[in-house]
Amino acid sequence: MARGLLVLGLVMLPASAAAQRVGGVPRDVALEVTRLFNATATRKVRGDFTLAASDTVRGDLAILNGNARLSGVVNGDVVVLNGDVVLTEGARLAKGLTVVGGTLQAPERPTVTGEIRVWSARYRYQESGDTLVADTDFLTRFSQWVREDDEGETESQLFFTSAHTYNRVEGLPIYVGPRFRARNGATRVRAELYGIFRTGDRLVWNDENLGHRALFEVRQGERAGIAVGTRLFDEVDAMERWQLSDGEVGLATFLFSRDYRDYWERHGAQAYVSAFAGRGHELKLSYGEERWNARRARDVFRLNDEVALRLNPRGDEGVLRLLTLSGTFDTRTESRHPRSGWYLRGEYERGHSDALTLAPLTVGLGRTGNVTELGRTGNVTELRPTEPLDYGRAFFDLRRYNRLGPNAQLNLRAVMGGWVHGDALPVQRRLAVSGIDALPGFDFRRTLGTADAGTCATGSEAQYVLLGRPAQCERMALVQVEWKGDFRIDLFGDDDEGDRRWQLGRGHADGTWVIFANSGRGWLVNRPATVAGTTSEADPLFFGRNRVPDLNTWRTDIGGGFDFGDFGVYIAQAVSQRGLSPNVYVRLGRRF
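In this text the structure is predicted, and so the values were computed from the model without any measurement. (Residues numbered from 1 in each chain as written. Predicted model: local features only at pLDDT ≥ 70, side-chain atom pairs only at ≥ 80, totals over all residues. Heavy atoms only, no water.)

**Student:** Can you tell me about the overall build of the protein chain, naming the residues and giving the values?
**Tutor:** Across its full length, the protein chain carries six helices and 32 strands. Every one of the 592 residues in the protein chain was classed for burial, and the buried ones make up 50%. For the protein chain, the proportion of contacts with a sequence separation of at least 24, taken over those separated by at least 6, is 60%. (Helix = DSSP H or I, 4+ residues; strand = E, 2+ residues; numbered from the N terminus. Buried < 20%, exposed > 50% of the residue type's maximum accessible area, 1.4 Å probe, protein only. Contact = heavy atoms within 4.5 Å.)

This is the structure in structure tokens:
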């Protein structure tokens, strides 16, 4: 009986559902749709497309990153990449229809002369000038594996995954638990309940290695709508997430014992509501109450264990109530490798605590305590003050991508953030302008002098090292510019299939050359009363609440390199400070 019902169900399926493919997109299909999109005669559309019943496309039609509603006539092949397709009763396709990264809604017997093929797996690609390059090589598949893709929809499943990063506080965090997703028209429901196990320095079942994360969200709308949700969490979070990606931080920790982030524990609940429109526009308001706890660095497993891991700076501790307003505006052609468009991410946070236990900072910043006995275990013997706290903080990341021609780009970025009003910022919300993402010509949080403009560290280098080299600035500003152009190295002839990217086995190295410059610094705003009217090492770092430091005090570097898509190799040299050697470094993906 079961077998008979299964056969009957398959017979009754409409053509569009029966053509659905599961799993990854075969390489030959990815190359086929890429060739059709790149063909000169193909009509190319980026974004949503509607073909009215009275309209006709005389040749092939290719649609990228948008949904298609077809009611007219297409005299060639139709390819839709990363979008859904609706065929109405009057639509007529003279050849085939291929959908990659989307779904198909069609009449039971659509008027399509050729084959109908539908893959739900996304079409992965890069852009080289005006053409697309399908991502099918090993390096690209690996980079897709380490990125979590939340764009697919699943009814329910038991989920087992890593956090896609590795750090000196948790080791490798592993998430295990059920995940449920349902959809009814334009309404989507998502529920997750994960237990978190941290490998740390020992595989031990204790509080330090355990956490949780739960989420429930209802989202209404397709291209635009609202979402309401709530979160419960006990997890380790990172400070200054705006610098570097999770994958880059994790590999640097595991391979080279260089962790470029600092961490603290968050335990609490949050509710939020958001409004979204289009592919990348969202405005979100959230409110939550959570407890912040400091975390210690652990002797996690790593390949280069002869190099000691940096101490994890102690964060402020206590219960905070946080009101956060954040937004994203995105008009880029593609998020991974944009050719043109705007990107803006902004956030305002209002934080309040009745009693926050303050962590020590370097001298002159208003934090008391003796830190000379801080050791590898992270224990401190000083008296730590407790104070009420009420602060406001804002952060903005603005980017502009400019396509100068088929093979050239001029890209700009401005990052600004920090204190807005109220009390001095807690350690977890302070900033630094340092490292390979911001100023690669300067070593990560290396102090220069007794009042460092990159980290706002004061006093001796030895004391700063004992604290774990924390970010201490209350405000920061950074400006970046890069000029990019395409290049191609072909040692063994052209690839007739058009699969152009870095390939280890064929001697091809397609990518872009990059020339860049960066300039920025951090500073302090809230001068502590204990040093008012006196001279201290921190004085050169303090500026008025309505002032920006003079440009001649900013740190500046220049550099260049080669971007191969999934990784890039660069060299940078500081120009505002003499006597520093150039830095050579590798990035996984573009600079910004």
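**Student:** Please give an account of the pairing of strand β23 (residues 281-294) that cites residues and values.
**Tutor:** Note that strand β22 (residues 263-277) and β23 share 14 bridges and pair antiparallel. What sits directly across from A269, in β23, is E289. Counting the residues that bridge the hairpin from β22 to β23 gives three residues, and of these G278 lies at a positive phi of roughly 65°. As judged from the 11 bridges shared by β23 and strand β24 (residues 318-330), these two strands associate in the antiparallel manner. (Pairing = 2+ DSSP bridges.)

**Student:** Kindly report on the pattern of salt bridges, identifying the contributing residues and their values.
**Tutor:** Enumeration according to the criterion identifies 38 salt bridges in this entry. Here D397 and R413 are joined by a salt bridge, their closest N and O atoms 2.9 Å apart. Highlighted residues: D397 in strand β26 (residues 386-405) and R413 in strand β27 (residues 408-422), separated in sequence by 16 residues. The buried category is assigned to D397, whose relative accessible area is 0%. (Salt bridge = Lys/Arg side-chain N within 4 Å of Asp/Glu carboxyl O.)

**Student:** How would you summarise helix α5 (residues 246-256) if you had to cite specific residues and measurements?
**Tutor:** Residues of α5 that are buried include every one of E248, V249, G250, A252 and T253, and no others. Of the surrounding elements, those touching the buried residues of α5 are β22 and β32 (583-587). A positive backbone phi angle near 60° is found at S257, which sits one or two residues after α5.

**Student:** Before we move on, can you summarise the packing of aromatic side chains with the specific residues and values?
**Tutor:** Under the defined criterion, the tally for this structure stands at 13 aromatic pairs. Ring centres of F254 and F301 lie 5.9 Å apart, and the angle between their planes is 55°; on these two criteria the pair is classed as tilted. Taken together, the residues F254 in helix α5 and F301 in the loop between β23 and β24 connect sequence positions 47 residues apart. We classify F254 as partly exposed; its relative accessible area is 25%. Of the residues examined, F301 reaches a relative accessible area of 56% and is grouped as exposed. On the numbers, 5.2 Å between centres and 35° between planes, the contact of F564 with F567 is tilted. Residue classification places F564 among the buried residues on the basis of a relative accessible area of 13%. (Phe/Tyr/Trp six-rings, centres within 6.5 Å; stacked < 30°, edge-to-face > 60°.)

**Student:** Talk me through a nonpolar patch on the surface; I want residue IDs and the actual numbers.
**Tutor:** A contiguous nonpolar patch, built from V228, V273, L283, L285, Y287, L323 and L325 and spanning about 590 Å² of accessible area, is present on the exposed surface. Of all the secondary structure elements, the ones that give two or more residues to the nonpolar patch are β23 and β24. The greatest single-element share of the nonpolar patch, amounting to three residues, is contributed by β23. Positionally, L325 belongs in strand β24. (Patch = residues over 30% accessible without salt bridge, like charges linked within 9 Å, V, L, I, M, F, W, Y side chains within 5 Å. Areas by Shrake-Rupley, 256 points an atom, 1.4 Å probe, with all protein chains shown as cover.)

**Student:** Pulling in residues and values, what's your account of helix α3 (residues 27-38)?
**Tutor:** The terminal C-alpha atoms of α3, which comprises 12 residues, lie 16 Å apart, in line with the 16 Å expected from a rise of 1.5 Å per residue. Looking at α3, one finds that the buried residues are V29, A30, L31, V33, T34, L36 and F37. The elements touched by buried residues of α3 are β2 (43-46), β5 (61-64), β8 (78-81), β11 (97-100), β14 (116-119) and β16 (131-134). (Expected span 1.5 Å × (residues − 1).)

**Student:** Which residues make up the environment of F256, and what values do they have?
**Tutor:** Topologically, F256 is positioned in helix α5. According to the relative accessible area criterion, F256 is exposed, its value standing at 51%. Sequence spacing of F256 and L309 is 53 residues, and the spatial spacing of their C-alpha atoms is 9.5 Å.

**Student:** Account for the nonpolar core, naming residues and giving values.
**Tutor:** Grouped together as the largest cluster of nonpolar side chains are 21 residues, with contacts concentrated most on L61, L70, V78, L87, L93 and L97. Elements with a minimum of two residues in this core: β3 (49-51), β5, β6 (68-70), β8, β9 (85-87), β11 and β14. Residues contacting L93, with those up to four places away along its chain left out, are L70, V74, V78, L87, T111, V112 and T113. (Core = buried A, V, L, I, M, F, W, Y, C linked by side-chain atoms within 4.5 Å.)

**Student:** Tell me about the confidence of the model for the protein chain, and please be specific about residues and values.
**Tutor:** For the protein chain, the mean per-residue pLDDT works out to 85, and 84% of the residues sit at or above 70. With pLDDT under 50 throughout, residues 1-18 is counted as low confidence; its partners more than four residues away or in other chains account for five contacts. Contacts for the low-pLDDT stretch residues 495-508, under 50 throughout, to residues beyond four places or in other chains number 44 contacts. (pLDDT = per-residue confidence, 0-100.)

**Student:** Please set out the side chain of N312 residue by residue, giving values where relevant.
**Tutor:** Here N312 shows up in the loop between β23 and β24. The contact partners of N312, leaving out residues within four places of it in the chain, are R168, V169, D262, Y263, R295, R296 and A297.

**Student:** Requested: an account of the side chain of E248, with residues and values cited.
**Tutor:** Looking at the secondary structure, you find E248 in helix α5. Note on E248: relative accessible area 10%, which makes it buried. Beyond its immediate stretch of four places on either side in the chain, E248 contacts R587 and L588.

**Student:** I'd like to hear about the environment of G171, residue by residue, with values.
**Tutor:** Within the secondary structure, G171 is located in the loop between β17 (156-162) and β18 (173-184). Here G171 falls in the buried class, since its relative accessible area comes to 0%. A sequence separation of 131 residues divides G171 from R302, and the C-alpha atoms of the two residues are 9.1 Å apart. If near-sequence neighbours (up to four positions away) are discounted, G171 is found in contact with T165, Y166, T199, G200 and V300.

**Student:** I'd like a description of unusual backbone geometry, backed by residues and values.
**Tutor:** The phi torsion of most residues other than glycine is negative, and most of the peptide bonds are trans. Positioned with a positive phi, S257 is a non-glycine residue whose angle comes to about 60°. When you line up the elements, S257 lands in the loop between α5 and β22. A positive phi angle is found at R469, which is not glycine, with a value near 60°. Within the secondary structure layout, R469 lies in the loop between α6 (461-466) and β28 (475-487). Here R469 falls in the buried class, since its relative accessible area comes to 18%.

**Student:** With reference to specific residues and values, describe the sheet that holds β6.
**Tutor:** One open sheet accounts for four strands, arranged β3-β6-β9-β12; its pairing is parallel. Across the chains shown, the open sheet's two edge strands, defined by having one partner strand only, are β3 and β12 (104-105). With three bridges connecting them, β3 and β6 associate as parallel partners. Within the sheet, the bridge partner assigned to L51 lies in β6 and is L70.

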